Amino acid sequence: MTNSDWSDKKEQNPFAPQTAVVFDRRQVRLHRDRAAPIFENHDFMFREVADRLCDKLLDVNRTFHKILDLGSHRGELGAHLLKDQPELLIRQDLSRRMLEYTGGTNVQADEEFLPYRAESLDLVMSNLSLHWVNDLPGSLIQIRNILKPDGLFLGAMFGGDTLTELRQSLMQAEINMDRGTAPHVSPFVDVRDAGSLLQRAGFALPVVDTDRITVTYRDALSLMTELRGMGESNALHKKFRGFSSREMIMETARVYQDLFADERGRIKVTFDILYLMGWAPHESQQKPLKPGSAKMRLADALGVKEQSTGDKAGS
């Protein structure tokens, strides 16, 4: 691992999380460590979303010289970014074993504690990693802080109804087995919350959009194997410890097959992808007009008669 003058690990982090601990970050790291040797056999979603993120980046008419690939895994996104030959590309991941499969400048660090100087980077991109962060507002504030003025953040994360079929099947299986219900799949941010988080973090011109990717698997056991190979196993801080019982797994697979199998007998799996984009503020950026500064009335622009709030239509 290499560090340079853009990194300052000794500096006191002002954004330490103060929120409730939802995810066990140690488990997140261990899951990625375990998945690292076989990740390339299960990384189709990461490669697909990396392609889509880079398509969005092509729409931005800007050259970026110093770039951070945040939550890089085995470098699926960075491989695209290197094509433009940036001055510096940093790959950061929580898992050292993931980084062993990449070259260049690598930093093992937590997305919740970014070890970079303020205003030191032009572009921060993140591909399907931030959904495991406990203090997402704090992480976004740090990202905005390390960007130079008019620098860009562009990221993708699982959100919305991701794995909704698995969630429903687990719940029904627990009811069938008279166990009550407990969380087995992590909560995901929805598109409205994501936009608010970007604004709270101080990003200018925030944009959030979403894709839904539907995949099919032979059965629920194949899906569970895939999630393990992706490093996406359950890492909730307070999780139901009995989920690993064979009886529970088999009942979940049976319920999943009953509820969500298609005409071929394959099960449906939903992945909702949130794309987040925002700019570090700069005086050159467009700003909304002040109230009352418009030069034309809306009624004139629409070619209709203006009515007061007390008038009835047609009177």
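Structure: above.
Keep in mind the model is a prediction, meaning the values are calculated, not measured.

Cut-offs applied
- Residues numbered from 1 in each chain as written.
- Predicted model: local features only at pLDDT ≥ 70, side-chain atom pairs only at ≥ 80, totals over all residues.
- Heavy atoms only, no water.
- Helix = DSSP H or I, 4+ residues; strand = E, 2+ residues; numbered from the N terminus.
- Buried < 20%, exposed > 50% of the residue type's maximum accessible area, 1.4 Å probe, protein only.
- Contact = heavy atoms within 4.5 Å.
- Areas by Shrake-Rupley, 256 points an atom, 1.4 Å probe, with all protein chains shown as cover.
- Pairing = 2+ DSSP bridges.
- Right-handed = clockwise from strand over helix to strand, strands pointing away.
- Axes fitted to C-alpha atoms, helices over the stretch in contact; angles between N-to-C directions.
- Phe/Tyr/Trp six-rings, centres within 6.5 Å; stacked < 30°, edge-to-face > 60°.
- Lys NZ or Arg CZ within 6 Å of the ring centre and 35° of its normal.
- Polar contact = N/O pair within 3.5 Å; in protein donor to acceptor, adjacent residues only side chain to side chain.

The helix and strand inventory of the protein chain stands at 10 helices and seven strands. The buried share among the 315 residues of the protein chain stands at 48%. The long-range share in the protein chain, meaning contacts at least 24 apart out of those at least 6 apart in sequence, stands at 79%. Of the roughly 16,500 Å² that the protein chain leaves accessible, carbon and sulfur atoms contribute 49%.

Note on strand geometry: in a regular strand, side chains alternate between the two faces of the sheet. Of all the six residues making up strand β2 (residues 88-93), six are buried; the element is thus mostly covered by neighbouring parts of the structure. Of the two faces of β2, the one holding Leu 88, Ile 90 and Gln 92 and the one holding Leu 89, Arg 91 and Asp 93 are both buried throughout. In the sheet, strand β1 (residues 66-70) pairs with β2 via five bridges, with the strands oriented parallel. In the sheet register, Ile 67 faces β2, and the bridge partner there is Leu 89. In the classification by handedness, the crossover that spans β1, the intervening helix α3 (residues 76-81) and the parallel β2 is right-handed.

Across the sheet, which stays open at both edges, the seven strands sit in the order β3-β2-β1-β4-β5-β7-β6 with mixed pairing between neighbours. A strand with exactly one partner marks an edge of an open sheet, and here the two such strands are β3 (105-108) and β6 (204-217). On average, each strand axis in the sheet is inclined to that of its neighbour by 15°, with strand direction left out of account. Sheet topology places strand β4 (residues 121-127) next to strand β5 (residues 147-159); six bridges connect them, and they run parallel. The partner of Ser 126 across the bridge, within β5, is Gly 155. Along the sheet face, helix α2 (residues 44-58) touches β4, β5, β6 and β7 (267-279) and points at about 150° away from the line of β6. Where helix α7 (residues 191-200) meets the sheet, its contacts fall on β5, β6 and β7, and the angle it forms with β6 comes to roughly 145°.

Take the packing of aromatic side chains next. Tallied over the entire structure, the rule returns five aromatic pairs. Between the NZ or CZ atom of Lys 56 and the centre of the ring of Tyr 275, over which it lies, the distance is 4.6 Å. The ring of Tyr 101 has Arg 74 sitting right over it, with the charged end atom 3.9 Å from the ring centre.

Among the seven residues that make up β4, seven are buried, leaving the element largely enclosed by the rest of the structure. By the bridge criterion, four bridges tie β1 to β4 in an arrangement that is parallel. The residue of β4 that forms the bridge with Asp 69 is Met 125.

On to the side chain of His 73, then. Relative to the assigned elements, His 73 resides in the loop between β1 and α3. At a separation of 3.1 Å, a polar atom in the side chain of His 73 contacts the main-chain carbonyl oxygen of Gly 71. Those residues in contact with His 73 that sit more than four places away from it in its chain are Arg 32, Phe 39, Phe 46, Asp 93, Met 98, Leu 99, Thr 102, Asn 127, Leu 128 and Ser 129.

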